[in-house]
Amino acid sequence: MAVFRRKEPPKMRVRTPAGTAKILRAHLAQHNRRVLALAAATLIAALAAWALLYIVCCWMIVMAIAIFDLPLHGVPRHFLLVYVVAALCGIGVAWIDQRVAPTTRLADKKTPWEIFMEFLLAVPNMTLAVGGTLSAWQSLSHAELLGAAELLHRLSEEKRVPMSGVRLQIQDPEAAVRILFALQMTQVIDAYREPNNEFWLRLNALRPSSLRMVREDTAHA
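Residues numbered from 1 in each chain as written. Predicted model: local features only at pLDDT ≥ 70, side-chain atom pairs only at ≥ 80, totals over all residues. Heavy atoms only, no water.

**A look at the sheet that holds strand 2 (residues 160-162)**
Read across the open sheet, the three strands follow the order 2-4-3; overall the sheet is antiparallel. Looking at which strands have only one partner, the edges of the open sheet turn out to be strand 2 and strand 3 (189-193). Mean inter-strand twist for the sheet, computed between neighbouring axes without regard to direction, equals 30°. Judged from the five bridges that link them, strand 3 and strand 4 (residues 199-203) form a sheet pairing that is antiparallel. In the strand pairing of strand 4, tyrosine 192 is matched with tryptophan 200. (Pairing = 2+ DSSP bridges. Helix = DSSP H or I, 4+ residues; strand = E, 2+ residues; numbered from the N terminus. Axes fitted to C-alpha atoms, helices over the stretch in contact; angles between N-to-C directions.)

Rendered as structure tokens:
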């Protein structure tokens with residue numbers, strides 16, 4: 001004789017800010033691993049480009065010696081030192097160029113000089129991109145993680161929060177900036193501006209499923 005058991009309603013677990021902070025810590029760690037991998041790949045590509053450029057320069061010197069019958073028996077012994085100094089100078093020029101004119105390379109129309117400088121500074125800019133990639137590294141203290149988790153729970157309940165209202169929840173302005181920057185950098189929240197020029201925060205629709213603050217989707221029988 002078959003025995004039918006009454007089906008009990010699923011029990012929903014409500015995540016606490018402390019639990020969300022642990023998940024957020026793991027999310028930041030995963031983000032930082034991707035940052036390190038990308039920085040390492042960029043560094044390897046930059047070193048390979050510098051090595052290839054050195055080989056091309058050596059080949060051009062040998063060709064010049066053969067064509068113009070120069071009184072040299074090969075690549076000068078100190079050419080490597082000269083090449084390193086020139087590379088460092090190129091990196092310095094690229095760094096100054098990025099600080100002085102950070103938006104000129106985004107223009108639709110460029111002068112022949114700008115195109116030439118982009119070609120000349122391609123490898124130095126690639127080298128500087130390593131530092132730019134590492135700047136995406138995010139690290140929050142335990143207290144900041146709890147503050148970020150509480151903000152995420154508030155966004156889940158209110159759907160959006162004015163940027164000015166964050167200061168009421170996170171008293172330390174520097175901590176608030178670090179938290180907001182980390183959450184936006186890791187695509188957990190979005191910031192947008194309304195026609196009245198007021199900035200608002202909302203949860204990013206593409207955030208990881210583990211950081212969806214609505215009552216946990218997993219049900220337990």
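**Observations regarding a nonpolar patch on the surface**
A contiguous nonpolar patch, built from Leu52, Val56, Trp59, Met60, Met63, Ile67, Phe68, Leu70 and Leu72 and spanning about 920 Å² of accessible area, is present on the exposed surface. In this fold, valine 56 is placed in helix 1 (residues 17-68). Taking relative accessible area as the criterion, valine 56 reaches 36% and is therefore assigned partly exposed. (Patch = residues over 30% accessible without salt bridge, like charges linked within 9 Å, V, L, I, M, F, W, Y side chains within 5 Å. Areas by Shrake-Rupley, 256 points an atom, 1.4 Å probe, with all protein chains shown as cover. Salt bridge = Lys/Arg side-chain N within 4 Å of Asp/Glu carboxyl O. Buried < 20%, exposed > 50% of the residue type's maximum accessible area, 1.4 Å probe, protein only.)

**Focus on the confidence of the model for the protein chain**
Averaged over the protein chain, the pLDDT score is 86; the fraction of residues at 70 or greater is 86%. Element-level pLDDT for the protein chain is lowest in strand 5 (residues 219-220), with a mean of 35, against a maximum mean of 96 in helix 4 (residues 122-134). Across residues 6-13, confidence stays below pLDDT 50; counting only partners more than four residues off in sequence or on other chains, it has 10 contacts. pLDDT under 50 marks residues 215-221. Its contacts with residues more than four places away, or in other chains, come to 12 contacts. (pLDDT = per-residue confidence, 0-100. Contact = heavy atoms within 4.5 Å.)

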